[in-house]
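Coordinate inspection notes
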Amino acid sequence: MQVIGLTKTFGSVTAVNAASFAVPVPQMVGIIGRSGAGKSTLLRMINHLTPATEGRIEIDGRDILSLRGRARHDWQRDCAMIFQQFNLVPRLDVLTNVMLGRLNRHGTLRSVLKMFSREDIGRALHALERLGIADQAMKRAEDLSGGQQQRVAIARALTQDPRMILADEPIASLDPMSAQIVMASLREIHERDGLTVICNLHTLDTARTYCDRVIGMRAGEIVFDGPAHAVTTDVARDIYGADESFDEGVTSTSLNDDPAQPEGVAYLRAARASA
Ligand SMILES: Nc1ncnc2c1ncn2[C@@H]1O[C@H](COP(=O)(O)OP(=O)(O)OP(=O)(O)O)[C@@H](O)[C@H]1O
């Protein structure tokens, strides 16, 4: 994917100003920056949820911003979105919520009637197993914890069979333990399925621990783009537009200091082993 000069203005506000970057191979990319830096707008333009004012996004030689109708819909299916507030249907059971990810692949009539095939059910259960929550399949979504709900949302994204996952602050509403499990799940999907995952994050340590690459935004502009380990305190200070008193701790959700073995990874493995 190549993003070229992507710009969005809302009246006199330039939310994203000529953003350019390429993702030549599947990567796990973290986008960091202050509130209002333009992170959500950037992701939403990639998914066509927000129309871009200017710029191009090229994939396989096509400008996906020029897609209309069915082709646009297909693109939205190809890049699954995950949101801070999960966006599940609260009163529906978990399994049905996950199967809703298949609706994009079916015609309107089957979608309206919620007619799911055996294959759809199998896929949904498999996705829930991968996320370590198959035992919650028959519960109502609203009865799950926030962390579990976000894992349901990720399972739903997986059943969409996407080429890419875009996650807009997926852990901002979660406690640190749940946040690590969700990030470990996204990392595992990136590694095992070879999917690009682009994730807006508030917390620097999360970006360093789980992402290969970090894009830093400040006031609509990309001010840093490099490997996660290159995000030094000075770089972070620049991205966040902070002064000498900048304390990385304010952007931290970590439970322990050992990035080699985040607790979320250990928890996820244990959850899968017992599934
Ligand atoms: N629909 C909109 N109408 C008008 N202005 C908007 C709209 N959406 C975003 N903006 C403005 O665009 C700028 C970038 O917002 P955006 O939500 O992309 O930032 P962000 O980095 O994702 O912030 P946060 O972390 O708080 O979500 C902000 O100044 C915001 O007020």
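Preceding block: the structure.
For the structure given in this document, a descriptive report is provided here. (Residues numbered from 1 in each chain as written. Predicted model: local features only at pLDDT ≥ 70, side-chain atom pairs only at ≥ 80, totals over all residues.)

A short note on the overall build of the protein chain
Per the secondary structure count, the protein chain includes 10 helices and 10 strands. Expressed as a percentage of the 275 residues in the protein chain, the buried residues total 43%. Contacts in the protein chain between residues at least 24 apart in sequence constitute 71% of all its contacts with a sequence separation of at least 6. (Helix = DSSP H or I, 4+ residues; strand = E, 2+ residues; numbered from the N terminus. Buried ≥ 20, exposed ≤ 12 C-beta atoms within 10 Å, placed from the backbone. Contact = placed C-beta atoms within 7 Å.)

Regarding the environment of P176
Structurally, P176 can be placed in helix α7 (residues 176-193). With 17 C-beta atoms packed within 10 Å, P176 lands in the partly exposed category. With 151 residues separating them in the primary sequence, P176 and V25 have C-alpha atoms 30 Å apart.

Structural notes on the sheet that holds strand β4 (residues 54-59)
Overall, antiparallel pairing links the four strands, which are arranged β2-β1-β4-β5 in an open sheet. The sheet is open, and its two edges are formed by β2 (13-22) and β5 (62-63), each paired on a single side. Strand direction decides the pairing type here: strand β1 (residues 2-10) and β2, joined by six bridges, are antiparallel. Its bridge partner lying in β2, V3 is registered against F21. Taken strand by strand, helix α1 (residues 39-46) contacts β1, β2 and β4, and its axis lies near 60° from that of β2. (Pairing = 2+ DSSP bridges. Axes fitted to C-alpha atoms, helices over the stretch in contact; angles between N-to-C directions.)

Overview of the sheet that holds strand β7 (residues 164-168)
Taken in spatial order, the six strands make up an open sheet running β6-β7-β8-β3-β9-β10, and their pairing is mixed. Where the open sheet ends on each side, the last strands, each with one partner, are β6 (79-83) and β10 (221-227). The average undirected angle you get between the axes of adjacent strands in this sheet is 15°. Direction of pairing for β7 relative to strand β8 (residues 196-200): parallel, over a ladder of five bridges. Bridging across to β8, I165 finds its partner in V197.

Topic: the site of the ligand
Neighbouring the ligand are F10, V13, A15, G33, S35, G36, A37, G38, K39, S40 and T41. Counting residues per element, the ones that place at least two in the shell around the ligand are β2 and α1. Sorting elements by how many residues they give to the shell around the ligand places α1 first, with three residues. Of the residues in the shell around the ligand, the class split is four nonpolar, six polar and one charged. (Near = placed C-beta within 6 Å. Nonpolar A, V, L, I, M, F, W, Y, C, P; charged D, E, K, R; others polar.)

Regarding α1
Of all eight residues in α1, seven are buried; the element is thus mostly enclosed. Inspection of α1 places K39, S40, T41, L42, L43, M45 and I46 among the buried residues, and these make up the whole buried set. Among the residues trailing α1, H48 stands out with phi positive, at a value near 70°.

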